[in-house]
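The lines below spell out each chain.
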Amino acid sequence: MRYILVLQWPGSSESDYEALIEMEDQLERRLAAHSRVDGHDFGSGEMNIFVETDDPAGAFADVVAALGRDPRWADLRAAYREATGEDYEILWPQTLREFSVA
């Protein structure tokens, strides 16, 4: 797949990790054929879910449908990059100016 979509939240506790796994499971069930969950990481005060996709906007729409009502939605940061690239294009929130993965 051509792009990596990164979904990122602050997180450092055991309950944060459990929520990450639950959100990842929800996404695995809800993503369309153009996307697939490629795993997660947890540490340095953040937690990330990685989604491989050929359609970042479509994949993000699937994320909104799956997780948009989750209480953690308010803390979500989302961006994507080409699978072989380094520069991120920010999707959410629209006011975010910088994005990185620790």
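Note: the structure precedes this text.
Keep in mind it's a predicted model, so treat the numbers as computed, not measured. Numbers given to residues run from 1 along each chain, matching the order in which its sequence is written. Local features in a predicted model are, by the rule used here, given only for residues with pLDDT of at least 70; side-chain atom pairs are given and counted only at 80 or more, and totals for whole chains, interfaces and linings are based on all residues. Processing note: side-chain calculations cover all non-hydrogen atoms of the structure and skip hydrogens and water entirely.

Student: Pulling in residues and values, what's your account of the pairing of strand S3 (residues 46-53)?
Tutor: Remark: exposure states derive from per-residue accessible area (1.4 Å probe, protein chains only) relative to the maximum for the residue type, with buried under 20%, exposed over 50%, and partly exposed in between. Think of it this way: any DSSP run of H or I at least four residues long counts as a helix, any run of E at least two long counts as a strand, and we number them from the N terminus. Within S3, eight of the eight residues are buried, leaving the element largely enclosed by the surrounding structure. Across the two faces of S3 the burial is the same, with Glu46, Asn48, Phe50 and Glu52 and Met47, Ile49, Val51 and Thr53 all buried. Bridge analysis of strand S1 (residues 3-10) against S3 gives eight bridges, and the strand direction is antiparallel. The residue of S3 that forms the bridge with valine 6 is phenylalanine 50. Strand direction decides the pairing type here: strand S2 (residues 35-43) and S3, joined by eight bridges, are antiparallel. A pair of strands is considered paired only if DSSP assigns at least 2 bridges between the two.

Student: Mind laying out the packing of aromatic side chains, listing which residues take part and the relevant values?
Tutor: Each aromatic ring pair is specified by the distance between its two centres and by the angle formed by the two planes. Centre distance within 6.5 Å is the pairing criterion for rings of Phe, Tyr and Trp, where only the six-membered ring of Trp is used; planes under 30 degrees apart are then read as stacked, over 60 as edge-to-face, and the remainder as tilted. Overall, the coordinates contain six aromatic pairs when judged by the stated rule. Judged by centre distance (5.3 Å) and plane angle (85°), the ring pair of tyrosine 17 and phenylalanine 42 falls under edge-to-face. One end of the pair, tyrosine 17, is in helix H1 (residues 14-30); the other, phenylalanine 42, is in strand S2, with 25 residues separating them in the sequence. An aromatic cluster of three or more residues is present, and its members are Phe60, Trp73 and Trp92.

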